[in-house]
Amino acid sequence: MMSKLANYLQGAVRIRVSGMMPEKLINLCVTQHISLWGITKHNDDLLVWMKLGDFFTIREMVRKSRTRITIVRRYGFPFTAKRLKRRKVLLIGPLIFFLALNILSSYVWFVDVMGLKNLPDSRIKEIAFQQGLKPGALKNDINTKQIENEILITLPEVAWIGVNFVGTRAVIEIVEKTVPKQEDKSPANLIAAKDGVITEIIVLAGQTMLKKGDTVKKGDLLIQGIAPEAPEATVKPPEAPVPEQPIRAKGIVKARVWYESYGETELATAVHEPTGRQQLGVVLKIGSNEFVVKKPDLTQFALYEQEAIHKKLPLWRNSGLIVESSIDVYHELDTSWLEITLEQARDAARTKALDQLQRLIPQTAHILSRNVEVIKTTEPNLVRVKVTIEAEEDIVQSVMISQ
Amino acid sequence: MQSRKRGRLQRLAGLLEIPQDIVMDLPRITMLGNKQLLIENHKGIIEYTPSMIRIKLNQGELVIGGTDLTLGNLQIEQILVEGTVGELKYDV
């Protein structure tokens, strides 16, 4: 059996044998050990596949058998090669493509910095730039180990760094050290941020005059930033009063705080909907002159909405003379009243009031009670609701002691 | 004379249990269903059309009837007929 690959490499031709006795040529070929395949008859001619090498040897036999042959199809590498030789650009194209791909991919095109939290990414890039890691640098010239070390040395905030290439992209991965926050040590008093009744008071640093159950107003001093008197100091005779050393007061003062808010809802609301009827007003503007092309007749519409459409020629065509048209579309509106029940109105008003309060009450606050009451109003169309919330929360606020 | 020699050879082949096609120079015809027909030891083709193929043999000829007949592989010692073989006639 003929192997397909061998046929492709050697090349094969399909020839058309015409004449009185095409079979005679076939028999002659067979006796000459020429292998033929895929023989079919088309009208009176025979179509035969044969190897390209054999094709050059059958000239004598064709003459002997008084037939004529023509090549119908060519198959295989010799023909492909010949065609490629004629079209050299077809070969050069892919060559250039792969060459360009290879050259362009050997450069760094982008530098990305990942994993930054506090450090500015420009500083990392600046150091990398100085070390030669920049867009346009050859990948082979870049010593990633050296860049990693350089960044680690110059930036003490960096805990770990990795430089690697993903295609044409250089990625600098950085893990920052978590530095404990600098505590503010300047002396300060604690004052009340809100009005309330104190329920719990814990002093960590400083002194307080207050006790549980006291009422405080917003801005009242809660814990004073003064060092507590040392017990041995009292034993000593008070010869010279030591000036009190201001410190930063610390502590927790929990207090009951009341919040209240109002919400209103109308029982019936007007809804405007377009009826579908509309009027057009067209004005044409040429230069500074205005021409009213169509005037709208608005007398029929009780209520309407205006929609303006301005049409302008593009600037390049409109450079000399400004030509502009403005079309006003007037949509007629129909008013209908949307009515809701008293319960729905009350619920809506309550949600409004609660939403307002939610913004005021901090997350850490502990809500003790919630009270909703409907307030009578003189207007029949209005439902007003008052919401009161009692919450327990820490009300301290630090204020610097001015010296 | 020819036939007497042949008869004697045939008897000898039978006696020695040698396959007869080797001794007698007979064609060996193998059929794969009605799809393929392989003829070994032929003497060339006489006529070929898609509906009929005549193949010259050592003695007489083989007429193959069918539809869409093609000569799949043609070599000096064998012919492979492909297509749908309908009938086979052995003319001596």
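Keep in mind that what you see is a predicted model, and the values were worked out from it rather than measured.

### Points about the overall build of chain A
- Tallying secondary structure elements over chain A gives 10 helices and 19 strands in all.
- Looking at chain A residue by residue over its 403 residues, the buried ones come to 16%.
- A fraction of 72% describes how many contacts in chain A between residues 6 or more apart in sequence connect residues 24 or more apart.

### A look at the pairing of strand β16 (residues 323-339) of chain A
- Pairing of strand β13 (residues 268-286) of chain A with β16(A), which is carried by 16 bridges, proceeds in the antiparallel orientation. The residue bridging A:Val283 from the neighbouring strand is A:Ser326, located in β16(A).

### Observations concerning the environment of B:Leu69
- Within the secondary structure layout, B:Leu69 lies in strand β5 (residues 61-74).
- Using a count of 24 C-beta atoms within 10 Å as the deciding quantity, one classes B:Leu69 as buried.

### Side note on the packing of helix α7 (residues 121-130) of chain A against helix α8 (residues 144-154) of chain A
Residues and elements named next belong to chain A.
- Look at α7 against α8: their axes get within 10 Å of each other, and the N-to-C directions meet at 130°. With respect to α8, the element α7 is oriented oblique. By crossing handedness, the relation of α7 to α8 is classed as right-handed. Contacts from Ile 124, Ile 127 and Ala 128 in α7 reach Ile 147, Glu 150, Ile 151 and Thr 154 in α8.
- Each residue belonging to the contact of α7 with α8 can be placed in one class, and the counts come to 5 nonpolar, 1 polar and 1 charged.

### Describing the interface of chain B and chain A
- On the chain A side, the residues contacting the 14 residues of chain B number 14 residues.
- Only β3 (45-49) and β5 of chain B provide two or more residues apiece to the side of chain B that touches chain A.
- Along the lines of polarity and charge, the residues of the side of chain B that touches chain A split into 7 nonpolar, 6 polar and 1 charged.
- Sheet analysis places strand β2 (residues 36-42) of chain A next to β5(B), joined by 3 bridges and oriented antiparallel. Considered in β5(B), the bridge of A:Leu36 is made with B:Leu74.

### A look at the pairing of β5(B)
Residue and element names in this part refer to chain B.
- The pairing of strand β4 (residues 52-56) with β5 spans 5 bridges and is classified as antiparallel. Its bridge partner lying in β5, Ile 55 is registered against Leu 62.
- Joining the antiparallel neighbours β4 and β5 is a turn of 4 residues, in which Gly 60 adopts a positive phi near 75°.
- Note that β5 and strand β6 (residues 78-91) share 11 bridges and pair antiparallel. What sits directly across from Glu 61, in β6, is Asp 91.

### Topic: helix α6 (residues 88-104) of chain A
- Taking 1.5 Å per residue, 17 residues should reach 24 Å; α6(A) reaches 24 Å between its end C-alpha atoms and fits that length.
- Taking burial as the measure, the 17 residues of α6(A) include 0 buried ones, a minor fraction of the element.

### Side note on the sheet that holds strand β12 (residues 250-266) of chain A
Residue and element names in this part refer to chain A.
- Taking strand neighbours across the sheet as the criterion, the 5 strands line up as β10-β9-β12-β18-β17 in an open arrangement whose pairing is antiparallel. The outermost strands of the open sheet, each flanked by one partner alone, are β10 (215-216) and β17 (366-375).
- As paired elements, β17 and strand β18 (residues 382-394) share 9 bridges and run antiparallel to each other. Residue pairing in the sheet places Glu 373 in a bridge with Lys 386 of β18.

Thresholds, definitions, all that
Residue positions are given per chain, counting from 1 as you read along its sequence in written order. In the order they appear in the text, chains get letters beginning with A and ligands get numbers beginning with 1. Reporting of local features is limited, given that this is a predicted model, to residues whose pLDDT is at least 70; pairs of side-chain atoms are given and counted only at 80 or more, and all residues count toward the totals for whole chains, interfaces and linings. Secondary structure follows DSSP: runs of H or I at least 4 residues long count as helices, runs of E at least 2 residues long count as strands, and numbering of each begins at the N terminus. Every C-beta atom is placed from the backbone, and the number of other C-beta atoms within 10 Å of a residue's own sets its class: buried at 20 or more, exposed at 12 or fewer, partly exposed in between. Here the contact rule is simple: place C-beta atoms from the backbone, and any two residues whose C-beta atoms are within 7 Å are in contact. Pairing between strands is defined by DSSP: at least two bridges between them are needed. Axis definition: a line fitted to C-alpha atoms, limited for helices to the stretch in contact. Angles are taken between N-to-C directions and run from 0 to 180 degrees. Any angle from 65 to 115 degrees is called roughly perpendicular, while one under 35 is roughly parallel, one over 145 is roughly antiparallel, and all others are oblique. For a crossing to be left-handed, the near helix must be turned anticlockwise from the far one by less than a right angle; the clockwise case is right-handed. Note on residue categories: nonpolar means Ala, Val, Leu, Ile, Met, Phe, Trp, Tyr, Cys or Pro, charged means Asp, Glu, Lys or Arg, and polar means any other residue, Gly included. Here, expected helix span is obtained from the residue count minus one, scaled by 1.5 Å.

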